[in-house]
Every structure is written in C-alpha cells, then in structure tokens.
Amino acid sequence: MGNLLSNACKFAPDGTTVTLGAELHDVGPRFYVRDQGPGVPPSFVPSLFEPFTRADNSDTREKNGTGLGLSIAREIVERMSGNIGYRRTDDNLTEFWITLNDIKALEAPKASLRLVK
C-alpha cells in the first residue's frame, strides 16, 4: 500500500485529493488508492506491473523512479494469495487496488481517508 500511496502522491496534480480506502468484497478485503491524476496510458496497462517499466522512459521525464515499485508490490501481494490491479473509475479517477483473498471478516464497514496534495 505504501508504494501505491507514494505513486498517487507523486503523479496526482497539486491541489487534488488522494483517497486511501477499504471495503469488503466476497473474496475478502479490498484496499484502494484513488487520485485525480492522468492515469496510465491504455497502451502501457498490460506491462504496468512488469519490472523496470515506466510509462515515460525518456531522458527528460519529470518523475524519478526505477520502475520496480509496482513489480515488487505485485510480488508481495501475490505471495499473500492476493491480487493487485489498476483501473479508471466511472468518475474518471485513477485507482490502484489490492485484494487479500485469504482474509475473511464477518462484518467490516467501508472506510476511506482523503489527503489533499
């Protein structure tokens, strides 16, 4: 979650909101980070979680990073029998999510935390 939150804060425009939330699904808890950033170019989505990949690999890119964060996050989540993914929400927000399939709860309220960048 730390990597997803860090990326949201890095790529969301200044003055916008980053939301960290959780909700219960049939398979277990689902944690998400949403922001008002531009999202991932559709052509890049298939390789999003591969090591050393970045949507902007140019020498003049504005954001630093190695392109390892999402790959490492995927490896950690999958070792916990979970899933990680990306989508654009119906209200055009960028969302990265994690589900942990082996964790069950009898009742869990929906919760979220909003941060203004």
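To start, this report covers the structure provided alongside it.

Parameters and conventions
Residues numbered from 1 in each chain as written. Predicted model: local features only at pLDDT ≥ 70, side-chain atom pairs only at ≥ 80, totals over all residues. Heavy atoms only, no water. Phe/Tyr/Trp six-rings, centres within 6.5 Å; stacked < 30°, edge-to-face > 60°. Helix = DSSP H or I, 4+ residues; strand = E, 2+ residues; numbered from the N terminus. Buried < 20%, exposed > 50% of the residue type's maximum accessible area, 1.4 Å probe, protein only. Core = buried A, V, L, I, M, F, W, Y, C linked by side-chain atoms within 4.5 Å. Contact = heavy atoms within 4.5 Å. Pairing = 2+ DSSP bridges. Arc of directions from axis to C-beta. Salt bridge = Lys/Arg side-chain N within 4 Å of Asp/Glu carboxyl O.

Within this structure, the stated rule accounts for two aromatic pairs. Aromatic side chains Phe 49 and Phe 96 sit 6.3 Å apart centroid to centroid with 75° between the ring planes, which places their arrangement in the edge-to-face category. In this pair, Phe 49 is assigned in the loop between β2 (28-35) and α2 (69-79) and Phe 96 in strand β4 (residues 94-100), connecting sequence segments 47 residues apart. Both rings, one in Tyr 86 and one in Phe 96, keep their centres 5.0 Å apart while their planes meet at 50°; by these two values the pair is tilted.

Now for unusual backbone geometry. In this structure, Ser 81 takes a positive phi of about 60° despite not being glycine. Assessed through its relative accessible area of 35%, Ser 81 is described here as partly exposed. One non-glycine residue, Asn 92, lies in the positive phi region at around 65°. In this fold, Asn 92 is placed in the loop between β3 (82-88) and β4.

Within the largest apolar cluster, 17 residues are counted, with the highest numbers of intra-cluster contacts made by Leu 4, Leu 48, Ile 84 and Phe 96. Of all the secondary structure elements, the ones that give two or more residues to this core are α1 (2-11), α2, β3 and β4. Setting aside chain neighbours within four positions, we find Leu 48 in contact with Val 40, Thr 53, Leu 70, Tyr 86 and Phe 96.

Among the eight residues in β2, seven count as buried, and that is most of the element. Where strand β1 (residues 17-25) folds back onto β2 in an antiparallel hairpin, the turn is made up of two residues. Inspection of the sheet shows β2 paired to β4 by six bridges, in the antiparallel sense. Residue pairing across strands places Phe 31 opposite Ile 98, the latter belonging to β4.

Within α2 the residues assigned to the buried category are Leu 70, Ser 71, Ala 73 and Val 77. Taken end-on, α2 shows its buried residues confined to a sector of 160°, consistent with a single buried face. Looking at the buried positions of α2, the neighbouring elements they touch are α1, β3 and β4. At the C-terminal side of α2, Ser 81 shows a positive phi close to 60°.

Taken as a whole, this structure holds six salt bridges when the rule is applied. Here Glu 75 ties to Arg 79 by a salt bridge, and the two come within 2.8 Å at their closest N and O atoms. Of this pair, Glu 75 and Arg 79 both sit in helix α2, four residues apart, which is roughly one turn of the helix. With a relative accessible area of 36%, Glu 75 lands in the partly exposed category.

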